[in-house]
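# Examining the three-dimensional arrangement
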Number of protein chains: 2
Amino acid sequence: MKDAKNVTITDSEWMVMRAIWTMGHATSRELIDAMNELEGWSASTTKTLLRRLIQKQAVAQHGGSRPFTYKPVVGEKESMAAAADDLFDHMCAMRAGSTIAGVIQSRELSRADIANLQAILAEKAKTAPEEVQCNCLPGDQTC
Amino acid sequence: MKDAKNVTITDSEWMVMRAIWTMGHATSRELIDAMNELEGWSASTTKTLLRRLIQKQAVAQHGGSRPFTYKPVVGEKESMAAAADDLFDHMCAMRAGSTIAGVIQSRELSRADIANLQAILAEKAKTAPEEVQCNCLPGDQTC
DNA sequence: CTTATTAGTTTACAACTGTAGTCACAATAA
DNA sequence: TTATTGTGACTACAGTTGTAAACTAATAAG
């Protein structure tokens, strides 16, 4: 999974990011407790993940003195968009439509979300091509 | 990334699956050539990936004699749906809507795809909740 | 000040991934 | 029947990921 800066964020790291994003900012203690409750991780595990996230510059350490505060460097929305794009990049372009359909069906969406999607689709319909080409192999073919 | 049988398919393996799905069935030679052209991989690499996919039962070996034929065991559509669901499971439920919106905007969709999505959304609108709850941390909060 | 506690840093280590070389055996050509 | 070659099996190996123990430095408590 890629984040907003196109760095790979692993699954476990993603869990930590979620917590940090939701809390806005947190001390390591808060994160350790949250991760322990959410995933049952030991303190060390959360510390390691936090260190790796700092290395990847997905999280930054703030405050000069000891109980440091950790804040996200990459945004949640952008990171999710990047991860989703990364996923769809690995799929056949022809299948994107039905995959999105599946996602929409299996997720809960608010009225506002739905209205928003409808607006986007209406706009997109104006310039939509009749067919989308398969891009799995070199040369044209239908997958 | 998870496949239709909820087995983890790695990025490289996914490339091979795409080729197999598109070809429908293929000999190792055909796959080796395709992968070499697509990704520049050596024959060994493709063989290894193929072996791992067989182990994971995502691909099966057919035909009793030597140039075997390889066929997908898991379907493309289902695997893509599983991978997409897997991704969205790692994200805050509140953000699914805007993430889907981003995907729709960045992908090419055919007229038929769009019509299909519109139909699904219209149906879903009937029972949509006003708000979707954040599910990032234990206890309610807004992320 | 000394001690206890908490927070941060180093080290560990097995499993999984990406990438590929080598070996062995079956099919084919000579 | 033997030599050749295409294909499948086994081995390799460094880097990444998940998970965590141990060690060290900074505070807080007494």
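Summary of the structure given here. Because the structure is predicted, anything quoted here is derived from the model rather than measured.

This brings us to the protein's contact with DNA strand C. Close to DNA strand C lie 23 residues; Ser28(A), Arg29(A), Thr10(B), Ser44(B) and Thr48(B) are nearest. Among the atoms of DNA strand C lying within 4 Å of the protein, the sugar-phosphate backbone contributes 58%. In the environment of DNA strand C, a base nitrogen lies 3.0 Å from a nitrogen or oxygen atom belonging to the side chain of Lys47(A). In the model, a phosphate oxygen of DNA strand C is placed 2.5 Å from a nitrogen or oxygen of the Thr10(B) side chain. Looking at the surface near DNA strand C, the elements that each hand over two or more residues are α2 (28-39) and α3 (43-55) of chain A together with α1 (11-23) and α3 (43-55) of chain B. If one sorts the elements of the surface near DNA strand C by residue count, α3(B) sits on top with 5 residues. Residue composition of the surface near DNA strand C, by class: 5 nonpolar, 9 polar and 9 charged.

Taken together, 24 residues surround DNA strand D, and among them Thr10(A), Ser44(A), Thr48(A), Ser28(B) and Phe68(B) come closest. A share of 60% of the atoms of DNA strand D within 4 Å of the protein falls on sugar and phosphate groups. At a separation of 3.5 Å, a phosphate oxygen of DNA strand D approaches a polar side-chain atom of Trp41(A). Every element with two or more residues in the surface near DNA strand D is listed here: α1 (11-23) and α3 of chain A together with α2 (28-39) and α3 of chain B. Looking at which element gives the most residues to the surface near DNA strand D, the answer is α3(A), with 5 residues. Within the surface near DNA strand D, the residues separate by chemical class into 5 nonpolar, 10 polar and 9 charged.

Reading the values: the criteria
Residues numbered from 1 in each chain as written. Chains lettered and ligands numbered in written order. Predicted model: local features only at pLDDT ≥ 70, side-chain atom pairs only at ≥ 80, totals over all residues. Heavy atoms only, no water. Near = heavy atom within 4 Å. Polar contact = N/O pair within 3.5 Å; in protein donor to acceptor, adjacent residues only side chain to side chain. Helix = DSSP H or I, 4+ residues; strand = E, 2+ residues; numbered from the N terminus. Nonpolar A, V, L, I, M, F, W, Y, C, P; charged D, E, K, R; others polar.

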